[in-house]
Amino acid sequence: MNNQKQQKPTLTGQRFKTRKRDEKERFDPSQFQESIVQGLNQTGTDLEAVAKFLDASGAKLDYRRYAETLFDILVAGGMLAPGGTLSDDLTRTEFCLFTASEDLETMQAYAQVFNKLIRRYKYLEKGFEEEIKKLLLFLKGFTESERNKLAMLTGILLANGNISASILNSLFNENLVKEGVSAAFAVKLFKSWINEKDINSVAASLRKVGMDNRLMELFPANKRSCEHFSKYFTDAGLKELSDFARNQQSIGARKELQKELQEQMSRGETLKDIIAYVREEMKKTSISEQTMIGIVWTSVMSSVEWNKKEELVTEQAIKLLKQYSPLLKAFTSQGLSELTLLLKIQEYCYDNIHFMKAFQKIVVLLYKADVLSEEVILKWYTEGHVAKGKSVFLEQMKKFVEWLKNAEEESESEEEEAD
């Protein structure tokens, strides 16, 4: 019995010892690196052969555990130390992205190698994105040519959906931005991305990850203006990107303006003060009256909590719009602005089902308040309307339009008699 008790701790101790030894061997990447480097040296610059070698090696080597090592080798030729320098003590290969030719065609071929590898070993997807994020943070440690190649490759991978645009977060690193590395890298990246797809594809990808309003952050705070961004990217041959950023900036400004307007209304500020504020904003931001009336309408209609009952909504809307009709009138001095407002009302009543029956009453109220003229209402009725709820709203407006036409005819005949 005593012997058995003494044996237990000895056996347990041996088991733990074995585990530690196994673990150490398992996490040592040098043997894995040796195998990959040897294979790349044998295949050389034949990227078809490289893709086949990587495909076959995945069955024998532990890609899952050594994903970072694998991608470091394929990009830089060996394991990267923090900051982007190559580890001196390990074997390297000269056959990697950084030693390839600096042209779009070669980078497209390299993108295919990564694409095939990740399609074959799906579990590498996340590790590959993490690798690209890391490489972007290491940009200062690479030569200009290496950065250019990485930028072109990244643009192609983004265009083909191999990686998410969220990796661009790494470019907002303060040190990279400060030294102009981020902006220069972005030029090459967006050029290859747009070359593969188009600006609409770029815009959609950036919006998806909430990066569409962050492009200004590629520059230091003292250069973070629409003018600087526009000039920098237009001079680099990326006018499409500068136009997109300008448009996003404008959309952002409009959202802020709408938010501020709603807050002023909820605080109960006077219409005189609100009109003065809106006019000042129009001057500052060069927003047209047509755009502004859309913002004003949305702000007014978002300033209250609407009743859920259809029969009460119309009454509530009429009361609100009576109150704010002077504000709407202030920004409908042109016929085009009136028509813009009328179309906004049509779209709003269609999109908010409880307002479907309120359309005619709203239009009549704004006609009486001298916000909408009979010319514009008639134009909307005959040709200016949009498809949303067209048949319902034209039917609602039929009698009023007939009344307007009759009133117009009577007015004309009275004028003729007077002559």
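None of these values were measured; they are calculated from a predicted model.

Let us now look at the nonpolar core. Taken as a class, soluble globular proteins show a tendency for nonpolar side chains to be buried jointly. In this structure, Leu168, Phe190, Trp193 and Leu206 are the most contacted members of the largest nonpolar core, which totals 79 residues. The biggest single contributor to this core is helix α9 (residues 181–196), with 9 residues. Ignoring any residue separated from it by four or fewer positions in sequence, one finds phenylalanine 190 in contact with Leu168, Val202, Leu206, Leu215, Leu238 and Leu241. Membership of the second largest hydrophobic core comes to 55 residues, among which are Ile275, Leu320, Ile362 and Leu394.

If you trace the backbone, serine 299 turns up in helix α14 (residues 289–301). Here isoleucine 295 takes part through its backbone oxygen, which lies 2.8 Å from a polar atom of the side chain of serine 299. Contacts of serine 299, omitting those with residues within four sequence positions, involve Gln258, Leu261, Gln262 and Met265.

Let's shift gears to empty space enclosed by the protein. Evaluated as defined, the whole model comprises 2 cavities of 30 Å³ or more. By volume, the largest cavity is sized at about 40 Å³. Lining the largest cavity, in full, are Asp212, Asn213, Arg214, Leu215, Met216, Ala245, Gln248 and Gln249. Here the residues of the lining of the largest cavity are counted per class, giving 3 nonpolar, 3 polar and 2 charged. Here the second largest cavity defines a volume of roughly 30 Å³. As for the second largest cavity, its lining consists of Leu168, Leu171, Phe172, Ala186, Phe190, Leu215 and Leu218. In the lining of the second largest cavity, the residues fall into 7 nonpolar, no polar and no charged.

Parameters and conventions
Residues numbered from 1 in each chain as written. Predicted model: local features only at pLDDT ≥ 70, side-chain atom pairs only at ≥ 80, totals over all residues. Heavy atoms only, no water. Core = buried A, V, L, I, M, F, W, Y, C linked by side-chain atoms within 4.5 Å. Buried < 20%, exposed > 50% of the residue type's maximum accessible area, 1.4 Å probe, protein only. Helix = DSSP H or I, 4+ residues; strand = E, 2+ residues; numbered from the N terminus. Contact = heavy atoms within 4.5 Å. Polar contact = N/O pair within 3.5 Å; in protein donor to acceptor, adjacent residues only side chain to side chain. 1 Å grid on protein atoms, 1.4 Å probe; cavity = no way out; pocket = protein on both sides within 12 Å on 5 of 7 lines; lining within 4 Å. Points joined across faces, edges and corners; volume = space filled by probe spheres on them. Nonpolar A, V, L, I, M, F, W, Y, C, P; charged D, E, K, R; others polar.

Shape descriptors only; they carry no functional weight alone.
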